[in-house]
Amino acid sequence: GAGVSQSPSNKVTEKGKDVELRCDPISGHTALYWYRQSLGQGLEFLIYFQGNSAPDKSGLPSDRFSAERTGGSVSTLTIQRTQQEDSAVYLCASSFGGASNEQFFGPGTRLTVL
Amino acid sequence: GEDVEQSLFLSVREGDSSVINCTYTDSSSTYLYWYKQEPGAGLQLLTYIFSNMDMKQDQRLTVLLNKKDKHLSLRIADTQTGDSAIYFCAERGAGKSTFGDGTTLTVKP
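All residue numbers here refer to positions counted from 1 along the written sequence of the relevant chain. Lettering for chains starts from A, numbering for ligands starts from 1, and both go in the order in which the items are written. Where totals are concerned, whole chains, interfaces and linings use all residues; where local detail is concerned, this predicted model gives features only for residues with pLDDT of at least 70, and gives and counts side-chain atom pairs only at 80 or more. Heavy atoms throughout the structure, all of them, feed into the side-chain values; hydrogens and water do not.

### So, the interface of chain B and chain A
Counting residues at the interface gives 17 residues for chain B and 20 residues for chain A. As used here, buried area is the combined drop in accessible area, with a 1.4 Å probe, of two parts when they are placed together. Summed over both partners, the interface of chain B with chain A comes to about 1500 Å²; 54% of that surface belongs to carbon and sulfur atoms. One side-chain nitrogen of Lys or Arg within 4 Å of one carboxyl oxygen of Asp or Glu is enough to make a salt bridge. Taken together, the links from chain B to chain A amount to zero salt bridges. Polar contacts here mean pairs of N or O atoms no more than 3.5 Å apart (in protein, one a potential hydrogen donor and the other a potential acceptor; neighbouring residues in sequence count only if both atoms are side-chain atoms). The interface formed by chain B and chain A contains four residue pairs in polar contact (both at pLDDT 80 or more). Per the convention used, a helix needs a DSSP run of H or I reaching at least four residues, while a strand needs a run of E reaching at least two, with both numbered from the N terminus. Taken together, the elements giving at least two residues each to the side of chain B that touches chain A come down to strand S4 (31-37), strand S5 (43-50), strand S9 (85-92) and strand S10 (97-99) of chain B. At four residues, the largest contribution of residues to the side of chain B that touches chain A is made by S4(B). Note that Gly is not counted as nonpolar here; it falls among the polar residues with everything else outside the nonpolar set of Ala, Val, Leu, Ile, Met, Phe, Trp, Tyr, Cys and Pro and the charged set of Asp, Glu, Lys and Arg. Its residues assigned to classes, the side of chain B that touches chain A shows eight nonpolar, six polar and three charged. Contacts were defined at the residue level, with two residues in contact if any of their heavy atoms lie within 4.5 Å.

### Focus: the side chain of A:Arg36
Residue and element names in this part refer to chain A. Checked against the element boundaries, Arg36 lands in strand S4 (residues 31-37). For the exposure calls, accessible area comes from a 1.4 Å probe over protein chains only, and a residue counts as buried if that area is under 20% of its type's maximum, exposed if over 50%, partly exposed in between. Among the residues examined, Arg36 registers a relative accessible area of 9% and is labelled buried. A polar atom in the side chain of Arg36 sits 3.5 Å from the side chain of Tyr90. Setting aside anything within four residues of it in sequence, one finds Arg36 in contact with Gly42, Leu43, Glu44, Leu46, Pro61, Phe65, Glu85, Asp86, Ala88, Val89 and Tyr90.

### Points about the pairing of strand S7 (residues 75-79) of chain A
Residue and element names in this part refer to chain A. The element S7 is largely enclosed, with a buried count of four among its five residues. Note: strand S3 (residues 19-24) against S7, five bridges, orientation antiparallel. Looking at the pairing, Cys23 lines up with Ser75 of S7. Strands are labelled as partners when DSSP assigns at least two bridges between them. As paired strands, strand S6 (residues 65-69) and S7 are joined by five bridges and run antiparallel to one another. From the neighbouring strand, Phe65 faces S7, where its bridge partner is Ile79.

### Thoughts on the confidence of the model for chain A
The predictor rates its confidence in each residue with pLDDT, a number between 0 and 100. Predicted confidence across chain A gives a mean pLDDT of 91, with 96% of residues reaching 70 or more. Mean pLDDT across the secondary structure elements of chain A bottoms out at strand S9 (residues 104-105) of chain A, with 90, and peaks at S7(A), with 98.

Right, dumping it as structure tokens:
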């Protein structure tokens, strides 16, 4: 079956521009996560959606970052006024609710800010 | 906040056992995970252990958990060149996971 998909796979943008990254989770998964992986680093948690609950935004690094999840399915991560330090691979994952449930990761979007 | 630490590099010879270690700080962690990331590929869940267990074995993989010391290890028996990858330790309570920076495992023929 279809896994988690993300688009675009690569995005090159100029400093100061806004970007939108999209995540299509696995159908039926109630939880959706965004992580960021900088070069040579581990995964940095950004934001977590679970069902209709208020999202856990505790990992967002600044107010330039925001995310939405429409209709409990597709999610968009928006970065406003991009900076060079935003360059990273942005990974989306989805799961059924609950900590025991495996997170399935998408292939990521590689963002390069020039 | 929560923190997960791993050594950054490990090099072994093909056929030897590999042991990758991880420490974490969140005592409320309910699940601990090992993920594998191959070059250019996404994260793949290898195995996980519930916090009330101290060992889990799955074919060539053995996970040991010392909850008192908050120490987790992954042993790969008979390591093969195809095991070369970055291995991430992660802990999870309710909701988000906290990941280590990954251990790059290099397997020499």
